[in-house]
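Below are the chains, spelled out letter by letter.
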Amino acid sequence: MKTSDADIDALGKSDTVAVALPCTPFGLAECDYTPANKIIEAGGMLALATDCNPGTSWNESMQFAIALACRYLKLTPAQAIAAATINAAHAIRRSDLIGSVEVGKQADLLILSVPDFRQVGYRYGTNLVKQVIKRGRAYSVDVGYYRTA
């Protein structure tokens, strides 16, 4: 959460992906959040994750992490969604297979109950996921992820 200007400069000059965990300071009631825009302005790549664990951030919702990133990291919804998808795939060195909708990539998609993607950054506390598509196979959220619709 606390990153010096020297470290931000080094991130911008490297191929390291900085991973922001906005649920952690929220869960710990701290005020400092990742200086996301400084990292981006320095040319660094920023990914987003929940840091789901019982010690600092028992939050399983990427939707909530995206909303926090928009509020406290001052990312736009588009930036937060990119950080949670393609940039996160870069962080685990799998961007050639996952993280974006492209020919030849694994078909992993969420169908959300929103009329506009920008709402994802501002709505939290409600599960907006209508359907999950994993490796091209559709699953209904109503009957559970592991049973087909």
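Computed from a predicted model, the values in this text were never measured in an experiment.

### With respect to the pairing of strand 5 (residues 137-140)
Sheet topology places strand 4 (residues 129-134) next to strand 5; 4 bridges connect them, and they run antiparallel. If you follow K134 over to strand 5, its bridge partner there is R137.

### A look at a nonpolar patch on the surface
A contiguous nonpolar patch, built from V101, L109 and I111 and spanning about 260 Å² of accessible area, is present on the exposed surface. Within the element layout of this structure, L109 appears in strand 3 (residues 109-112). When its relative accessible area of 34% is taken as the criterion, L109 is described as partly exposed.

### Re the packing of helix 4 (residues 62-72) against helix 5 (residues 77-84)
In contact at an axis separation of 9 Å, helix 4 and helix 5 are set at 135 degrees when each is read in the N-to-C sense. Our classification of the angle between helix 4 and helix 5 gives oblique. Both helix 4 and helix 5 take part in a crossing whose hand is right-handed. Residue-level contacts link M62, I66, A69 and C70 of helix 4 to P77, A80, I81 and A84 of helix 5.

### Looking at helix 5
When helix 5 is considered as a whole, its buried residues turn out to be P77, A80, A83 and A84. One side of helix 5 holds all its buried residues, which, seen down the axis, span an arc of 130 degrees. In this structure, the buried residues of helix 5 make contact with strand 2 (45-48), helix 4 and helix 6 (86-91).

### Considerations on the sheet that holds strand 3
Strand order in the open sheet formed by 3 strands is 3-4-5, and the pairing between neighbours is antiparallel. The open sheet terminates on both sides in strands that have one partner only, identified here as strand 3 and strand 5. Across this sheet, the average inter-strand angle for adjacent strands is 20 degrees, counted without regard to direction. Strand direction decides the pairing type here: strand 3 and strand 4, joined by 4 bridges, are antiparallel. Looking at the pairing, L110 lines up with V132 of strand 4.

Each value, and the rule that gives it
Residues numbered from 1 in each chain as written. Predicted model: local features only at pLDDT ≥ 70, side-chain atom pairs only at ≥ 80, totals over all residues. Heavy atoms only, no water. Pairing = 2+ DSSP bridges. Helix = DSSP H or I, 4+ residues; strand = E, 2+ residues; numbered from the N terminus. Patch = residues over 30% accessible without salt bridge, like charges linked within 9 Å, V, L, I, M, F, W, Y side chains within 5 Å. Areas by Shrake-Rupley, 256 points an atom, 1.4 Å probe, with all protein chains shown as cover. Salt bridge = Lys/Arg side-chain N within 4 Å of Asp/Glu carboxyl O. Buried < 20%, exposed > 50% of the residue type's maximum accessible area, 1.4 Å probe, protein only. Axes fitted to C-alpha atoms, helices over the stretch in contact; angles between N-to-C directions. Parallel < 35°, antiparallel > 145°, perpendicular 65-115°, else oblique. Left-handed = near helix turned anticlockwise from the far one by under 90°. Contact = heavy atoms within 4.5 Å. Arc of directions from axis to C-beta.

Keep in mind that these numbers describe shape and distance, not what the molecule does.
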